[in-house]
Amino acid sequence: MSIAAEEVREFERQRPRLFAIAYRLLGSASEAEDAVQDTYLRWIAADHGAVRTPGAWLTKVLTNLCLTRLTSARARRETYVGPWLPEPVDTTGSALGPLDTAELRESVSLALLLLLERLTPPERAVFVLREAFGYGHAEIAEVLDLTESNCQQLYHRARQHVASERPRFHPSTEERVRITQLFLDAARGGDLERLRSLLADDVVSWADGGGKIHAARKPIRGAERVAQYLGRLSREAAGVGFVLTELNGQPGVVATVDGVVLLAVALDIAEGGIATIRIVANPDKLGFLTAQLV
């Protein structure tokens, strides 16, 4: 086998892990794919004789590409039309790496990805590499060209920010599936009373249409208003197929027509019922999910 072919094989071995890192850093599957491809181009052009550990080299290049993208993404999101939500990913397979613990499933949830948006890019990088991939502070310092003590400070700040907003109630996977199925049945049948019974009194519904399709541009608050809003959506959904699947490590609902995903719905469940509903309908954010499900 030629050296060039072996270099390609090495990159392909690393690709799933690199995508999993990039997605957690960027909250976007399409941007994560672009970052991984840019990393591949740098890998092909690299002096491989000087690369001692390919995995570490690729992680460093990818992470720094993502930090650059995060900085520009923040500027773009200032002019985003309506609420911005992360791009959903079907995780019934291994698209984002192993999710065999509650902590790992939470690491890719839309709720946590939104919390990570509040961190600085370096804080986010340290948090993701440490929490989701188990990197030591010395390894992270090497990736980010920082001192180990600086990385520890960044991690401490990031954990404080995230911990203050994390939910206190963690229902079992079985309970999440049960409530999500009840939600799907009620929404599909347009049963407003049943929908209302599943919602917490202070429920909030967010919709990301990105200005590309009609979607609520402000959050809808309160069980009565959210139930009525969902009822209107269900009446407009004639001919749409709804399925329950796993989105970002949690049960979720996907609506499709002719094999194309129209929207994805993720639910946050608290003791009083469904606390938050996040609806991603921007078609620019559904291409990756469509490719996964068709």
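Keep in mind that this is a model prediction, so the values were computed, not measured.

J.: Please explain the environment of Ala158 as it appears in this structure.
T.: Note that Ala158 resides in helix α8 (residues 148-163). Sequence-wise, Ala158 and Tyr80 are 78 residues apart; in three dimensions their C-alpha atoms are separated by 25 Å. Contact partners of Ala158, with chain neighbours within four places excluded, come to Leu119, Glu123 and Phe127.

J.: How do you make sense of the packing of helix α7 (residues 137-144) against α8 when you look at a structure like this?
T.: To describe two helices that pack against each other, one gives the angle between their axes and the distance between the axes. At their nearest, the axes of α7 and α8 sit 8 Å apart, and the two run at 100° to each other. Here α7 lies roughly perpendicular to α8, going by the angle between them. For the pair formed by α7 and α8, the contact residues are His137, Ala138, Ile140 and Ala141 on the first element and Glu148, Cys151, Gln152 and Tyr155 on the second. The residue inventory of the contact of α7 with α8, partitioned by class, reads five nonpolar, two polar and one charged.

J.: Just to check I follow, could you spell out the sheet that holds strand β2 (residues 220-221) for this structure?
T.: Working definition: the strands of a sheet are paired by backbone hydrogen bonds and lie parallel or antiparallel to each other. The strand order β2-β1-β6-β5-β4-β3 describes an open sheet built from six strands, whose pairing is mixed. Edge positions in the open sheet fall to β2 and β3 (241-247), since each of these has one partner strand only. Pairing between strand β1 (residues 199-208) and strand β6 (residues 273-280): six bridges, direction parallel. When the sheet's bridge partners are listed, Ala207 is paired in β6 with Ile279. Packed on one face of the sheet, helix α9 (residues 173-189) meets β3, β4 (250-257), β5 (260-270) and β6 and runs near 30° to β4. Strands in contact with helix α11 (residues 223-235) are β1, β2 and β6; relative to β1, the strand with the most contacts, it is inclined by about 45°.

J.: Which parts of the structure should I look at to understand the packing of aromatic side chains?
T.: The relation between two aromatic rings is expressed through the spacing of the ring centres and the mutual angle of the planes. This model, assessed by the stated rule, comprises five aromatic pairs. For the pair Phe11 and Tyr40, a centre-to-centre distance of 5.0 Å together with 65° between the ring planes defines the contact as edge-to-face. With a gap of 29 residues between them, Phe11 in helix α1 (residues 3-26) and Tyr40 in helix α2 (residues 29-45) connect regions that are remote in the sequence. Among the residues examined, Tyr40 registers a relative accessible area of 19% and is labelled buried. Aromatic side chains Phe127 and Tyr155 sit 6.5 Å apart centroid to centroid with 35° between the ring planes, which places their arrangement in the tilted category. Placement of the pair is Phe127 in helix α6 (residues 121-131) and Tyr155 in helix α8, with a sequence separation of 28 residues.

Rules used throughout
- Residues numbered from 1 in each chain as written.
- Predicted model: local features only at pLDDT ≥ 70, side-chain atom pairs only at ≥ 80, totals over all residues.
- Heavy atoms only, no water.
- Helix = DSSP H or I, 4+ residues; strand = E, 2+ residues; numbered from the N terminus.
- Contact = heavy atoms within 4.5 Å.
- Axes fitted to C-alpha atoms, helices over the stretch in contact; angles between N-to-C directions.
- Parallel < 35°, antiparallel > 145°, perpendicular 65-115°, else oblique.
- Nonpolar A, V, L, I, M, F, W, Y, C, P; charged D, E, K, R; others polar.
- Pairing = 2+ DSSP bridges.
- Phe/Tyr/Trp six-rings, centres within 6.5 Å; stacked < 30°, edge-to-face > 60°.
- Buried < 20%, exposed > 50% of the residue type's maximum accessible area, 1.4 Å probe, protein only.

The values reported here are purely geometric and, on their own, carry no functional implication.
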